[in-house]
Amino acid sequence: MIAASLAAVGTLSACGPSQPEQTGTGWSYTDDRGTTVTRPERPQQIVAQVSSAAALQDFGVQVAGTFGPLVRDDGSVEPEAAGLDPAKVTDVTGAGYGEINLERLTALQPDLLVSGKYAEYPGLWHLVEDQEKKVAEIVPTLGVQQSGIALPEAIGKYRELARALGADVDSPKVKADEQAFHSAAERLRGIGARMKAEGRSILAIGGTKEEFFVVVPGRNPDLDYYVTELGLPITTPNNPDQASGGYYERLSWEKANAYPGDIMLWDARSVSMTPEQMMQNPVFANTPAAAAGRFAEWDAVAPMSHASYAKIMNELADQLESRLAA
């Protein structure tokens, strides 16, 4: 299950464009599964997977409930839910991965449930198949494509859904967030050019007690954007694990030095090890980047919004500049 959770950084094959519609006879929206969701009126009481909820909030849509990783054991908000105030939403997450507390969900009297959609998985993100069927008996579900496409396009899908849900997505705040996104992207573009000129590289990694992972940037909308559009030199591993969707190469810890990297971009989700934990492995600890403490944080499944990624890219730029100077 841990490997599956790490895999869910995934990719999506393209579906048709979403089509919102508000008419005198009700509200409808064709999602990225090709499913047309209809309601008697525009949904007001919305439940969403945490990163979807945070993205919608950044575009002006408030959600009533969330599911998925919300708060860490130390009380801090999960990066996946960045921007949400746990006190202002009802957590309807169930006991196990992909489960919903159906009683809490029903009590909210929801009009719509929103989550991301990945091609390699049959249903919606953070909903196992039997749970999705039970949820659909309570509330219509809507899937949003958030990988296998460029990061700006993925963000745009949440913007258009927010528009369909009645938000003012052309507000001064949203426009300022978009400008901040582009400014942050330019910072990374400059760092990428500098790193390439100096012959330096980045390795995106994760780990569990059993295995070391080298992430495939092309399978993640953010990393792919950083590489193809902004020029960050993130290494692609040679042997992605196709059985797990090709998201990463799986290695034993004895081979944690298989790929060089001047900076280690580590998966900051709680399902993956921290740099301190990974450093307990002597093979990894002796790599030049690890030995020098050249780590930068990767928020692997962050909310798809301009506000979210403006903050993420600026923080990444700060970390890269600091590590390159070390």
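The preceding data block contains the structure.
Now for a look at the structure at hand.

How each quantity is defined
Residues numbered from 1 in each chain as written. Predicted model: local features only at pLDDT ≥ 70, side-chain atom pairs only at ≥ 80, totals over all residues. Heavy atoms only, no water. Phe/Tyr/Trp six-rings, centres within 6.5 Å; stacked < 30°, edge-to-face > 60°. Buried < 20%, exposed > 50% of the residue type's maximum accessible area, 1.4 Å probe, protein only. Helix = DSSP H or I, 4+ residues; strand = E, 2+ residues; numbered from the N terminus. Axes fitted to C-alpha atoms, helices over the stretch in contact; angles between N-to-C directions. Parallel < 35°, antiparallel > 145°, perpendicular 65-115°, else oblique. Left-handed = near helix turned anticlockwise from the far one by under 90°. Contact = heavy atoms within 4.5 Å. Nonpolar A, V, L, I, M, F, W, Y, C, P; charged D, E, K, R; others polar.

A look at the packing of aromatic side chains
And then number 1: Overall, the coordinates contain 9 aromatic pairs when judged by the stated rule.
And then number 2: Judged by centre distance (5.9 Å) and plane angle (10 degrees), the ring pair of Trp27 and Tyr29 falls under stacked.
And then number 3: With a relative accessible area of 2%, Tyr29 lands in the buried category.
And then number 4: With 5.2 Å between their ring centres and 55 degrees between their planes, Phe212 and Trp253 make a pair best called tilted. Separated by 41 residues along the polypeptide, Phe212 in strand β10 (residues 212–215) and Trp253 in the loop between β11 (248–251) and β12 (263–267) bring together distant segments of the chain.
And then number 5: For Phe212, a relative accessible area of 1% translates into the label buried.
And then number 6: What makes Trp253 buried here is its relative accessible area of 7%.

Digging into the packing of helix α2 (residues 50–58) against helix α5 (residues 151–164)
And then number 1: Following both chains from N to C, one finds α2 and α5 inclined at 65 degrees, their axes separated by 9 Å at the closest point. Taken as axis vectors, α2 and α5 run roughly perpendicular relative to one another. When the axes of α2 and α5 are compared, the crossing they make is right-handed. Along its contact with α2, which presents Ser52, Ala55 and Leu56, the element α5 presents Tyr158, Leu161 and Ala162.
And then number 2: Partitioned by chemical class, the residues of the contact of α2 with α5 number 5 nonpolar, 1 polar and no charged.

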